[in-house]
Amino acid sequence: VKEAKQAAQQKEYTFQTLAIADLFVKHQQDAIAEILVLSFSKNHPDLRALQWLKEFYQKRNDLEKALAQAKQILYLSPRFNYYQEVQELGQQLQQWPALRQEIINHFKWIPDELLLVEIYLDEKALDQAIEAFDQISQLSYYSFKETQYA
């Protein structure tokens, strides 16, 4: 276990860390597997490790922890499919309205992200989608203009 934890501290061992964790799970050593991957992901925010943890918690019906991992994944890599995973978990935990607002507020401060446009379109909130797109367009125009003459 000590050697496995040491390997988890090194970035180049992502695949090995997850493979070792899978072996621990296979041999009913879930707690060791969890510690191993948590230790790795604390030092190296890696989508694969966060996904592994999210799925690990979902299989054990620990939806609170699965949701925490899903949110980290979304914030690290803002994609609509990750948003949907957070939405699904938030709904199961009856936390969705507040969680949705938290996500919207977070991404309003990152105006070059298309995620808000996708969210609003999915919700059929066309005015908000257009407004979010306009903000992205303005930012992109001014950023492009500044880099052309800088």
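Keep in mind the model is a prediction, meaning the values are calculated, not measured. (Residues numbered from 1 in each chain as written. Predicted model: local features only at pLDDT ≥ 70, side-chain atom pairs only at ≥ 80, totals over all residues. Heavy atoms only, no water.)

Once that is clear, we can look at the nonpolar core. Among the nonpolar cores identified, the biggest contains 38 residues, and Trp52, Leu74, Tyr83, Val86 and Ile103 are the most heavily contacted of them. Sorting the residues of this core by element identifies α2 (14-26), α3 (30-43), α4 (47-59), α5 (63-76), α6 (80-92), α7 (96-108), α8 (115-122) and α9 (126-149) as the ones contributing at least two each. (Core = buried A, V, L, I, M, F, W, Y, C linked by side-chain atoms within 4.5 Å. Buried < 20%, exposed > 50% of the residue type's maximum accessible area, 1.4 Å probe, protein only. Helix = DSSP H or I, 4+ residues; strand = E, 2+ residues; numbered from the N terminus.)

Another aspect to go through is the pattern of salt bridges. Proximity of charged atoms lets side chains of opposite charge pair with each other. If you walk through the whole model with that rule in mind, you get seven salt bridges. Across the salt bridge formed by Arg48 and Asp46, the nearest N and O atoms sit 2.8 Å from each other. Here Arg48 falls in the partly exposed class, since its relative accessible area comes to 35%. Under the relative-accessibility criterion, Asp46 is labelled buried at 6%. With its nearest N and O atoms 3.4 Å apart, the salt bridge here joins Lys54 to Glu85. Residue Lys54 is located in helix α4, and its partner Glu85 is located in helix α6; the two are separated by 31 residues in the primary sequence. On the basis of relative accessibility, which here comes to 5%, the residue Lys54 falls in the buried class. (Salt bridge = Lys/Arg side-chain N within 4 Å of Asp/Glu carboxyl O.)

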